[in-house]
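So you can see what is in the structure, the chains are spelled out below.
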Amino acid sequence: MDIKNFMSTKEYARTLDQQDVLVSYREEFYLNPGMIYLDGNSLGLLSKRAEKSLMRSLEDWKRFGINGWMEGAEPWFYFSERLGELSAQLVGAAGDEVIMSGSTTANLHQLAATFFEPKAGRNKILADELTFPSDIYALQSQLQLHGLDPATHLVQVKSRDGKFLEEDDIIAAMNEEIALIVLPTVLYRSGQILDIERLTKEAHARGIMIGFDGCHSIGAVPHWFDKWEVDFAFWCNYKHLNGGPGCVAGLYVNRKHFDKKPGLAGWFGSRKDKQFDMEHSFTQANSAGAFQIGTPHILSMAPLLGSLEMFAEVGIEQVRSKSLRLTKYLMDLIESELSDYGFNIGSPRDESKRGGHIILEHKEAARICKALKKEAIIPDYREPNMIRLAPVALYTSFQEVFETVQVLKKIMDGRLYENYENKRGIIA
Ligand SMILES: *Cc1c(COP(=O)(O)O)cnc(C)c1O
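Keep in mind that what you see is a predicted model, and the values were worked out from it rather than measured.

Parameters at a glance
Sequence order as written defines the numbering, with residues in each chain counted from 1. Totals for whole chains, interfaces and linings use every residue, but because this is a predicted model, local features are given only for residues with pLDDT of at least 70 and side-chain atom pairs only at 80 or more, for both listing and counting. Derived side-chain values reflect all non-hydrogen atoms in the structure, with water molecules and hydrogen atoms excluded from consideration. A pair of strands is considered paired only if DSSP assigns at least 2 bridges between the two. Secondary structure follows DSSP: runs of H or I at least 4 residues long count as helices, runs of E at least 2 residues long count as strands, and numbering of each begins at the N terminus. Only heavy atoms enter the contact rule, under which two residues are in contact if any of them lie within 4.5 Å. Here an angle of 0 to 180 degrees is reported between the N-to-C directions of two axes, which are lines fitted to C-alpha atoms, with helices fitted over the stretch in contact. To count toward a patch, a residue needs a relative accessible area over 30% and no salt bridge; like charges are then connected within 9 Å, while nonpolar side chains (Val, Leu, Ile, Met, Phe, Trp, Tyr) are connected within 5 Å. Note on areas: Shrake-Rupley, 1.4 Å probe, and residue coverage restricted to the protein chains presented here. Should a side-chain nitrogen of Lys or Arg be within 4 Å of a carboxyl oxygen of Asp or Glu, the pair is scored as a salt bridge. When accessible area is computed with a 1.4 Å probe and restricted to protein chains, residues below 20% of their type maximum are described as buried, those above 50% as exposed, and intermediate ones as partly exposed. Planes of paired rings set the category: under 30 degrees apart is stacked, over 60 is edge-to-face and the rest tilted, where pairs are Phe, Tyr or Trp rings (Trp by its six-membered ring) whose centres lie within 6.5 Å. Note on criteria: charge over ring means Lys NZ or Arg CZ within 6 Å of the ring centre, with the direction from the centre no more than 35 degrees off the ring normal. The domain limits used here are those given by an automatic or database domain assignment. The term buried area refers to how much accessible surface (probe radius 1.4 Å) is lost by two components on association, counted for both of them together.

**Student:** Tell me about the sheet that holds strand β9 (residues 344-345), residues and numbers included.
**Tutor:** Taken together, the four strands give an open sheet; going across it, the order is β9-β10-β13-β12, and neighbouring strands pair in antiparallel fashion. Bordering the open sheet on either side are β9 and β12 (380-382), each of which pairs with just one other strand. Running at roughly 20 degrees to strand β10 (residues 358-361), helix α13 (residues 316-337) makes contact with β9, β10 and β13 (386-389) of the sheet.

Encoded structure:
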């Protein structure tokens with residue numbers, strides 16, 4: 001049997017699973033029997049450890065009431081800081097540069113309110129035309145709060161092909177009118193990784209602040225924000241980090257900015273020992289904690305503790321290494337098994353450019369997704385023609401990747417997608 005044929009066999013998939021050093025982590029998660037879950041980049045699955053850490057905070061509430069803030073098994077007063085410290089290794093930061101607070105979009109508001117300091121002649125924000133809509137809405141409203149028109153003051157770098165961004169084009173747009181740059185680490189559709197280090201260097205050479213939205217890379221792709229001197233970053237914890245629906249989000253501020261006054265101040269941004277002095281003058285924490293606003297949503301971040309402990313145990317490099325093997329295997333199988341059905345892979349082949357998911361483009365994508373769900377395979381769909389597939393290092397097996405491609409082939413051969421309308425659902 002030649003190598004190519006062997007690669008497309010179930011035996012080969014099984015061999016890959018046998019060689020997988022993370023295979024035991026599958027048992028840590030609640031996997032639905034018979035279901036193949038490939039949507040961990042929208043909502044990661046529940047792990048037993050996350051469940052346990054959530055139950056611990058509930059138990060603390062039950063036992064201690066108000067005293068849970070200081071005396072619980074997990075004292076809530078320091079919980080955001082604790083989770084920040086645990087997350088720091090995922091982004092290459094010091095423990096006090098990361099805090100859990102609010103939501104992704106709320107954190108972008110906080111950071112834009114803090115880092116966007118328009119002056120005459122330098123009062124524009126640079127973003128890109130492929131980024132997640134919520135980020136754009138936030139930046140538009142921040143400009144409006146300064147009395148600036150988003151139509152002229154929000155500059156969105158264009159994509160040459162509608163899928164990818166060229167760092168050269170972004171750098172070319174960094175002119176003397178730009179005060180702030182906000183870009184994704186990984187594009188939510190194509191999964192392209194931007195060259196964060198290079199972009200940061202170029203921004204700083206022009207006196208521009210730069211921050212990144214890490215929603216699609218946190219927990220899948222390692223970063224070195226300190227080494228690259230990124231000014232700030234923010235991300236959600238419910239995708240690759242499996243913190244649960246609506247989990248409290250993450251925020252990174254480089255320590256050189258610890259003295260910056262939060263654009264949106266609140267009492268949980270206080271120095272811990274000062275907070276309960278209840279003074280009307282704000283003494284901000286000397287850490288990323290200064291950028292918190294109000295009382296943290298304890299029950300919406302408690303699962304994250306169990307999840308982060310697992311990431312600390314495995315190490316992000318190991319997660320990344322398996323993730324790359326999974327996505328490569330998926331793309332190889334698609335190329336060898338599905339080349340006759342009109343699919344196009346819309347994600348980078350180059351490993352240094354590829355995040356934790358892949359995009360499969362097809363003109364019938366919306367209804368192919370529905371047919372996949374009918375077969376208990378969970379992808380997600382993105383307008384206008386994209387099937388997004390995220391095999392997740394901690395809980396997806398190579399056999400499941402193999403099975404997915406076999407089912408796709410069955411759907412195409414039998415035209416099973418024709419049973420559905422080619423339209424997205426309310427939630428895609
Ligand atoms: C998921 C995602 C968000 C979501 O923001 P929320 O405030 O958590 O709803 C924002 N930006 C990107 C790039 C995302 O992928």
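**Student:** Please give an account of a nonpolar patch on the surface that cites residues and values.
**Tutor:** Side chains of Met55, Leu58, Trp61 and Leu299 sit close together on the surface and give an oily, nonpolar patch of about 390 Å² of accessible area. Looking at the element boundaries, Trp61 is found in helix α3 (residues 48-64). Under the relative-accessibility criterion, Trp61 is labelled exposed at 53%.

**Student:** Lay out the packing of aromatic side chains with the relevant residues and their values.
**Tutor:** Taken as a whole and judged by the stated rule, the model has 14 aromatic pairs. Ring plane angle 45 degrees and centroid distance 5.2 Å describe the contact between Phe225 and Tyr252, whose orientation is recorded as tilted. Of this pair, Phe225 sits in helix α11 (residues 225-228) while Tyr252 sits in strand β8 (residues 250-253), and the two are 27 residues apart along the sequence. Tyr252 matches Phe225 in its accessibility class, with the two residues each being buried. By the ring-pair criterion, three or more aromatic residues cluster together here, those being Trp69, Trp76, Phe77, Tyr78, Trp267, Phe268 and Phe276. For the cation-ring pair, Lys260 lies above Phe115, with the distance from its terminal atom to the ring centre recorded as 5.6 Å.

**Student:** Can you explain the domain arrangement of the protein? Please cite residues and give values.
**Tutor:** Partitioning the protein into structural domains gives domain 1 (10-30 + 315-419) and domain 2 (51-313). Computed over C-alpha atoms only, the centres of domain 1 and domain 2 are separated by 29 Å. Domain 1 puts 27 residues into the contact, and the matching count from domain 2 is 26 residues. Summing both partners gives a buried area of about 2200 Å² for domain 1 against domain 2, and 57% of it is carried by carbon and sulfur. Interface area lost by domain 1 to domain 2 is led by Ile316, Lys353 and His357, which between them contribute 25%. The tally of links between domain 1 and domain 2 comes to two salt bridges. Lys353 is the salt-bridge partner of Glu167, the closest N and O atoms lying 3.3 Å from each other.

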